[in-house]
Amino acid sequence: MIALCLLPVLWLLWFSHRYAWWRPVMSWQHPRVLMYHMVSSHKSGARFNGLRVCPKRFEQQVRWLANNGFQFFTVSELWGQWATLPEKAVAITFDDGYADNLHNALPILKKYNACATVYVVVDRHDRDWSTYKKAHHNSGELARESKLSDAEVLELVASGRIEIASHTLTHCNMATTSIADKRHELAASKHELEVLIQRPVISFAYPFGIYSAEDIQLAREAGYSTAVTTVEGIDKLQPLPDPLDLKRIKVSGKDNLLAFVMRMRGGRRGW
């Protein structure tokens, strides 16, 4: 009997932890920046399924945004209009440069008149950068994942809906990279992408979300106007945040629509 009485309590605790329904809603005046990686189906036994949002779920999320009055911006547009943003401004971002960003995500973005920023690793093919953070992540899973070709990057640009941005040359770990090499990663990736797409590249994402005050300054010196982190949250309109230190809302491939909505409300997953 006692065990049966405890079940509702345990369920409520689990639900509260999972969805953080109790967290206050951040004002919709404050813009949301969403962090994605892949839009693809989960793979059986894969380590990184949290990075894979299936196309059906991604469409569900973008449709919810569109139906609930959100206006879509690239990150550069968002910062450029920060002082005059409408309520419910949102920027969708993708890290790394996976081919499914073109083949699976772009058609959905087009369908709902949305746009996005894609942070591209320049030297992205056959590279398992997960090992740069944790050496034991040596399965080769990310190396085998199909990445955007240069021609596909140009297709994204030609769509008129995608801002191409830098995610360094090699997805380096900034904490274990010398300052000289970091300067090279920041400057060379910017230059190579600008040569490819024939337009300025002014947005950046710190690989793994690992960065320091030094790295913020290096990104600024390299000529970037904005940089996004993996710090979960929502930046306020005032006081002005540092545009080279912007928070994002992480979207997991394991999230259902309720979890997505709760993150949009409060900026973070459970407690």
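Before reading further, recall that the structure is shown in the block above.
Residues numbered from 1 in each chain as written. Predicted model: local features only at pLDDT ≥ 70, side-chain atom pairs only at ≥ 80, totals over all residues. Heavy atoms only, no water.

Caption draft 1: Representation of unusual backbone geometry in the model. Backbone torsion omega between Gln238 and Pro239 reads -5°, so that peptide bond is classified as cis. For Pro239, the position within the fold is in the loop between strand 9 (226–232) and strand 10 (246–250). Positive phi values are uncommon outside glycine, yet Lys88 reaches one of about 60°. Tracing the backbone shows Lys88 in the loop between helix 3 (75–80) and strand 5 (89–96). (Helix = DSSP H or I, 4+ residues; strand = E, 2+ residues; numbered from the N terminus.)

Caption draft 2: Geometry of the pattern of salt bridges. Enumeration according to the criterion identifies 15 salt bridges in this entry. Across the pair Lys111 and Glu59 runs a salt bridge whose closest N-O atoms are separated by 2.6 Å. Of this pair, Lys111 sits in helix 4 (residues 100–111) while Glu59 sits in helix 2 (residues 55–67), placing them 52 residues apart in sequence. Residue Lys111 is classed as exposed on the basis of its relative accessible area, which comes to 58%. On the basis of relative accessibility, which here comes to 18%, the residue Glu59 falls in the buried class. Two residues, Arg127 and Asp123, come together in a salt bridge whose shortest N-O distance is 2.5 Å. (Salt bridge = Lys/Arg side-chain N within 4 Å of Asp/Glu carboxyl O. Buried < 20%, exposed > 50% of the residue type's maximum accessible area, 1.4 Å probe, protein only.)

Caption draft 3: Geometry of the environment of Asn113. Mapped onto the elements, Asn113 comes out in the loop between helix 4 and strand 6 (116–120). The class of Asn113 is exposed, set by a relative accessible area of 57%. On a C-alpha basis, the gap between Asn113 and Ala66 in space is 8.4 Å, while along the polypeptide they are 47 residues apart. Ignoring any residue separated from it by four or fewer positions in sequence, one finds Asn113 in contact with Phe72 and Arg161. (Contact = heavy atoms within 4.5 Å.)

Caption draft 4: Region of interest: the pairing of strand 6. Burial analysis of strand 6 places five of its five residues in the buried class, which makes it a mostly covered element. Of the two faces of strand 6, both are covered, the one formed by Ala116, Val118 and Val120 as well as the one formed by Thr117 and Tyr119. Alignment of strand 5 against strand 6, held across four bridges, turns out to be parallel. Each bridged residue has a counterpart across the sheet, and for Asp96 the counterpart in strand 6 is Val120. Once you follow strand 5 into helix 4 and on to strand 6, the crossover reads as right-handed. Examined bridge by bridge, strand 6 and strand 7 (residues 162–166) share five bridges and lie parallel to one another. Considered in strand 7, the bridge of Val118 is made with Ile164. (Pairing = 2+ DSSP bridges. Right-handed = clockwise from strand over helix to strand, strands pointing away.)

Caption draft 5: Inspection of the packing of aromatic side chains at higher detail. Here the structure, examined in full by the defined rule, presents 10 aromatic pairs. Each ring, one from Phe204 and one from Tyr224, has its centre 5.1 Å from the other, and the planes form 40°; the classification is tilted. Here Phe204, found in strand 8 (residues 203–205), pairs with Tyr224, found in the loop between helix 8 (213–221) and strand 9; they are 20 residues apart in sequence, far enough to count as distant. Through successive ring pairs, a cluster of aromatic residues spans Trp28, Trp64, Phe70 and Phe260. Geometry around Trp28 places Lys88 over its ring, the cationic atom sitting 5.6 Å from the centre. (Phe/Tyr/Trp six-rings, centres within 6.5 Å; stacked < 30°, edge-to-face > 60°. Lys NZ or Arg CZ within 6 Å of the ring centre and 35° of its normal.)

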